Amino acid sequence: LKDNVEDIKSKLLELINSDNHNVIILSGGTGLTGRDSTPEAVKAVIKKEIPGFGEIFRMISYDKIATSSLQSRAIAGLADDKFIFALPGSPGACKDAWDNILVHQLNSDTKPCNLVELIPRLRERRRLRRQAVRRGSGLVVEAEQEHRLR
């Protein structure tokens, strides 16, 4: 995709609405130049940001590129039941993010906790929301309350 907020948002929304995956990983467009717009597209579609991802990524980067790490706008968040990670475009930065963060958080064996453990709960919440919407918008609150009681 080109570095265009609307194009990236459109593709993200398509992927978010798909049931074929749990994680979306983007690379590139996280810098500071005029064409770098991936973080803006991600922020437009996520419901909850995962600030720790960007913070940890920049900490790891700092060990390698010192204060140049402040130029990264790597971001992660949750959209519906999908985790979205936006990484810098450089192969080294992608490798650092994968080797030091993602490989652990996307592994159910990582203790004391990992993102994989959250997926069933996120999917159930999505299922209840979709079910309520099909029945009528007035039941959305009822379905959410029912889910909390479980």
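Preceding this paragraph is the structure being described.
Residues numbered from 1 in each chain as written. Predicted model: local features only at pLDDT ≥ 70, side-chain atom pairs only at ≥ 80, totals over all residues. Heavy atoms only, no water.

**Some points on the packing of aromatic side chains**
Filter applied, for reference: A pair of aromatic rings is counted whenever rings of Phe, Tyr or Trp (Trp by its six-membered ring) have centres within 6.5 Å, and the orientation is called stacked for planes under 30 degrees apart, edge-to-face for over 60 and tilted otherwise. Helix numbering and strand numbering both begin at the N terminus, where a helix is a DSSP run of H or I of at least 4 residues and a strand a DSSP run of E of at least 2. Accessibility here uses a 1.4 Å probe with only protein chains present; expressed as a share of the type maximum, an area under 20% marks a residue as buried, one over 50% as exposed, and anything in between as partly exposed.
Enumeration over the complete set of coordinates arrives at 2 aromatic pairs. Both rings, one in Phe53 and one in Phe57, keep their centres 6.5 Å apart while their planes meet at 20 degrees; by these two values the pair is stacked. Within this pair, Phe53 and its partner Phe57 are both found in helix α3 (residues 51-65), separated by 4 residues, close to a single helical turn. For the pair Phe53 and Phe57, a shared accessibility class is recorded, and that class is buried.

**Side note on the side chain of Arg126**
Defined as follows: Polar contacts here mean pairs of N or O atoms no more than 3.5 Å apart (in protein, one a potential hydrogen donor and the other a potential acceptor; neighbouring residues in sequence count only if both atoms are side-chain atoms).
With respect to the helices, strands and loops of the structure, Arg126 is situated in helix α5 (residues 119-135). From its side chain, Arg126 meets the backbone oxygen of Asn17 in a polar contact 3.5 Å long.

**Side note on the sheet that holds strand β1 (residues 23-27)**
Threshold: Any two strands between which DSSP finds at least two bridges are classified as paired. In what follows, residue pairs with any heavy atoms lying within 4.5 Å of each other are defined as contacts. Helix axes use the C-alpha atoms of the stretch in contact, all axes being lines fitted to C-alpha atoms, and the angles between their N-to-C directions lie in the range 0 to 180 degrees.
Strand order in the open sheet formed by 4 strands is β1-β4-β3-β2, with mixed pairing between adjacent strands. Since the sheet does not close on itself, it has two edges, and those belong to β1 and β2 (48-49), each with one partner. In the sheet, strand β3 (residues 75-79) pairs with strand β4 (residues 82-87) via 5 bridges, with the strands oriented antiparallel. Looking across to β4, one finds that Ala76 is bridged to Phe85. Here helix α1 (residues 5-16) sits on the sheet and contacts β1, β3 and β4; the angle it forms with β1, its principal contact strand, is near 160 degrees. Packed onto the sheet, α3 meets β2, β3 and β4 and runs at close to 30 degrees relative to β4.

**Details of helix α2 (residues 38-45)**
Quick reminder of the rule: Along the arc lie the directions from the helix axis toward the C-beta atoms.
Residues Thr38, Pro39, Ala41, Val42 and Val45 constitute the buried set of α2. Within α2, the buried residues cover an arc of 160 degrees as seen down the axis, which keeps them to one side. At its buried positions, α2 is contacted by α1, β1, β3 and β4.

**Some points on the environment of Pro51**
One can find Pro51 in helix α3. Residue classification places Pro51 among the partly exposed positions, given a relative accessible area of 44%. Between the C-alpha atoms of Pro51 and Gly77, which are 26 residues apart in sequence, the distance is 7.8 Å.

**Here we look at unusual backbone geometry**
Geometrically, the link from Lys111 to Pro112 is a cis peptide bond, its omega value of 15 degrees lying close to zero. You will see that Ala66, though not glycine, has its phi angle at about 55 degrees, which is positive. Positive phi outside glycine occurs at Asp80, with the angle close to 60 degrees. Tracing the sequence through the fold places Asp80 in the loop between β3 and β4.

**Things to note about the nonpolar core**
Soluble, globular proteins show a tendency: their nonpolar side chains are buried together. Filter applied, for reference: For the purposes of this section, nonpolar cores are sets of buried Ala, Val, Leu, Ile, Met, Phe, Trp, Tyr and Cys residues that join through side-chain atoms within 4.5 Å.
The biggest cluster of nonpolar side chains holds 17 residues, and the ones touching the most others in it are Phe53, Phe57, Phe83, Phe85 and Leu87. Contributing elements (two or more residues each) for this core: α3, β3, β4, α4 (91-105) and α5. A total of 5 residues in this core trace back to one element, the largest contributor, which is α4. Setting aside residues up to four positions removed in sequence, Leu87 forms contacts with Ile25, Leu26, Ser27, Gly28, Thr30, Phe53, Cys94, Ala97 and Leu102. One finds Ile16, Ile24, Leu26 and Ala41 within the second-largest nonpolar core, a separate group that totals 13 residues.

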